[in-house]
Amino acid sequence: MEKKYMVISGPNLNLLGTRKVSIYGEGSLEDIHEGLRKRADELGVQVDCFQFNSEGDIIDCLQKATGNYAGVIINAGALAHYSYALRSAIGSMLVPCVEVFISNVHAREEFRHKSVIAPVCVGVIGGFGKKSYILALEALVNLENK
Amino acid sequence: MEGRRVAVIHGPNLNMLGKREIGIYGGKTMDQINQEIQTEAAKLKVELSFFQSNSEGGLVDYIHSCAGRIDGIVLNAGAYTHYSVALRDAIGAVKIPTVEVHISNIYKREIFRHTSLIAPVCIGQVCGFGSHSYILGLRALMEEKFDPWLV
């Protein structure tokens, strides 16, 4: 049975390609999901992609990860910087989580420099556009193969 | 992206990899990690240059020397990440797309490691995946263009 990975994008990421294109790029979230499915295929794994604007919905989703998925990729959007509830949800999981960002958050406003979820993730990948997600999938699959 | 020239730069104490704090940094030596990166580079048809220095000035000199002959940099600046304004200025000066990598997840460690002075002048950051962070960093550099991500 193929390994399955959960991909979650947080608030406002459904608007990708339509807002602040200079920061977030022209591609839509569906383009990102399409790219992930293609790469997953090459790696012999599966991805299930989700997007939620609500913090509680993300937590509900994360709570289904353990036992059902081999790992989680999360772009928590702005929630990365202040959601202790997300941090607790990730910290409670028994599968690895990778944090991703589309933009280089360190080159932006100071409030974006701190991620409250980074310490409970295996690692962080940010700044490479939609490629951040692809690299995160490669990172998770590599962890599994170790 | 065939024929792209990439410099892999290791900062202070990374020559001690595999010999110190194995619990944090893993058991692989720097040479073994360089070998892994070389294998990936061969697949990507990228030409690599490797450099390691314990000296901040040595790293600054080397980064300057990359101007005009190197298309991308994978940089693990070690502890200098967290306080070297000179290194930040060197990266900013040469304007070569640079990816910051770390073996460990720096955000799981001491608070002084949570700040990276070089992150704002890099295109992005990869941390926490052991030696695989370098491989992912190299792949990140293979994009056709970095705009609009390159701030």
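Heads up: the structure comes first, above all this text.
In this report, we go over the structure that sits alongside the text. (Residues numbered from 1 in each chain as written. Chains lettered and ligands numbered in written order. Predicted model: local features only at pLDDT ≥ 70, side-chain atom pairs only at ≥ 80, totals over all residues.)

Regarding its fold elements, chain B presents five helices and five strands. Secondary structure elements in chain B, listed N-terminal to C-terminal, are β-α-α-β-α-β-α-β-β-α. The C-alpha radius of gyration computed for chain B amounts to 14 Å, which stays within 12% of the reference 15 Å derived for 151 residues, consistent with globular compactness. Along the first, second and third principal axes, the C-alpha atoms of chain B reach 35 × 30 × 25 Å. Counting over 151 residues, chain B shows a buried share of 43%. (Helix = DSSP H or I, 4+ residues; strand = E, 2+ residues; numbered from the N terminus. Rg over C-alpha atoms; globule rule 2.2 N^0.38 Å. Buried ≥ 20, exposed ≤ 12 C-beta atoms within 10 Å, placed from the backbone.)

Turning to helix H2 (residues 29–43) of chain A, a few remarks are in order. Residue and element names in this part refer to chain A. When the terminal C-alpha atoms of H2 are compared, their 21 Å separation across 15 residues agrees well with the 21 Å that a helix rising 1.5 Å per residue should span. For H2, the full list of buried residues reads Leu-29, Ile-32, Leu-36 and Ala-40. Mapping the buried residues of H2 onto a view down its axis gives an arc of 70°, with all of them on the same face. Away from its buried face, by an angle of more than 90 degrees, H2 presents the exposed residues Lys-38, Asp-41 and Glu-42. The inward-facing, buried residues of H2 abut strand S1 (4–9), strand S2 (46–51) and helix H5 (131–145). Among the residues trailing H2, Gly-44 stands out with phi positive, at a value near 75°. (Expected span 1.5 Å × (residues − 1). Arc of directions from axis to C-beta. Contact = placed C-beta atoms within 7 Å.)

This paragraph deals with H5 of chain A. End to end, H5 of chain A covers 21 Å across 15 residues, agreeing with the expected 21 Å (1.5 Å per residue, within 8%). Taken together, the buried positions of H5 of chain A are Lys-131, Ser-132, Tyr-133, Ile-134, Leu-135, Ala-136, Leu-137, Glu-138, Ala-139 and Leu-140 of chain A.

Turning to the interface of chain B and chain A, a few remarks are in order. Each partner contributes to the interface: chain B provides 21 residues, whereas chain A provides 24 residues. Mapped by element, the contributors of at least two residues to the side of chain B that touches chain A are strand S5 (124–127) and helix H5 (132–140) of chain B. The residue makeup of the side of chain B that touches chain A, split by class, is 12 nonpolar, six polar and three charged. With three bridges connecting them, strand S5 (residues 123–126) of chain A and S5 of chain B associate as antiparallel partners. By the bridge assignment, Gly-126 of chain A is partnered in S5 of chain B with Gln-125 of chain B. (Nonpolar A, V, L, I, M, F, W, Y, C, P; charged D, E, K, R; others polar. Pairing = 2+ DSSP bridges.)

Spatial strand order, S2(A)-S1(A)-S3(A)-S4(A)-S5(A)-S5(B)-S4(B)-S3(B)-S1(B)-S2(B): 10 strands in an open sheet with mixed pairing. Across the chains shown, the open sheet's two edge strands, defined by having one partner strand only, are S2 of chain A together with strand S2 (47–52) of chain B. Strand-to-strand twist in this sheet, taken as the mean axis angle between neighbours without regard to direction, amounts to 20°. Where H2 of chain A meets the sheet, its contacts fall on S1 and S2 of chain A, and the angle it forms with S2 of chain A comes to roughly 165°. (Axes fitted to C-alpha atoms, helices over the stretch in contact; angles between N-to-C directions.)

With that settled, the discussion passes to the nonpolar core. If you look at the biggest cluster of nonpolar residues, it comprises 85 residues, and the most contacted ones within it are Ile-73, Val-98, Ala-136 and Leu-137 of chain A together with Val-74 of chain B. The greatest single-element share of this core, amounting to seven residues, is contributed by H5 of chain A. Dropping the residues within four chain positions of it, Leu-137 of chain A is found in contact with Tyr-5, Leu-36, Arg-39, Ala-40, Val-47 and Ile-73 of chain A. (Core = buried A, V, L, I, M, F, W, Y, C linked by C-beta atoms within 7 Å.)

Residue and element names in this part refer to chain B. Look at helix H2 (residues 30–44) against H5: their axes get within 9 Å of each other, and the N-to-C directions meet at 30°. For the element pair H2 / H5, the angle class is roughly parallel. Remark: the crossing between H2 and H5 carries right-handed chirality. Residues Ile-33, Glu-36, Ile-37, Glu-40, Ala-41 and Leu-44 of H2 pack against Tyr-134, Ile-135 and Leu-138 of H5. Here the residues of the contact of H2 with H5 sort into seven nonpolar, no polar and two charged. (Parallel < 35°, antiparallel > 145°, perpendicular 65-115°, else oblique. Left-handed = near helix turned anticlockwise from the far one by under 90°.)

A word on the environment of Lys-146 of chain A. Tracing the backbone through its elements, the reader meets Lys-146 of chain A in the segment after H5. Residues Lys-146 of chain A and Met-1 of chain A, 145 residues apart in the sequence, show an inter-C-alpha distance of 18 Å.

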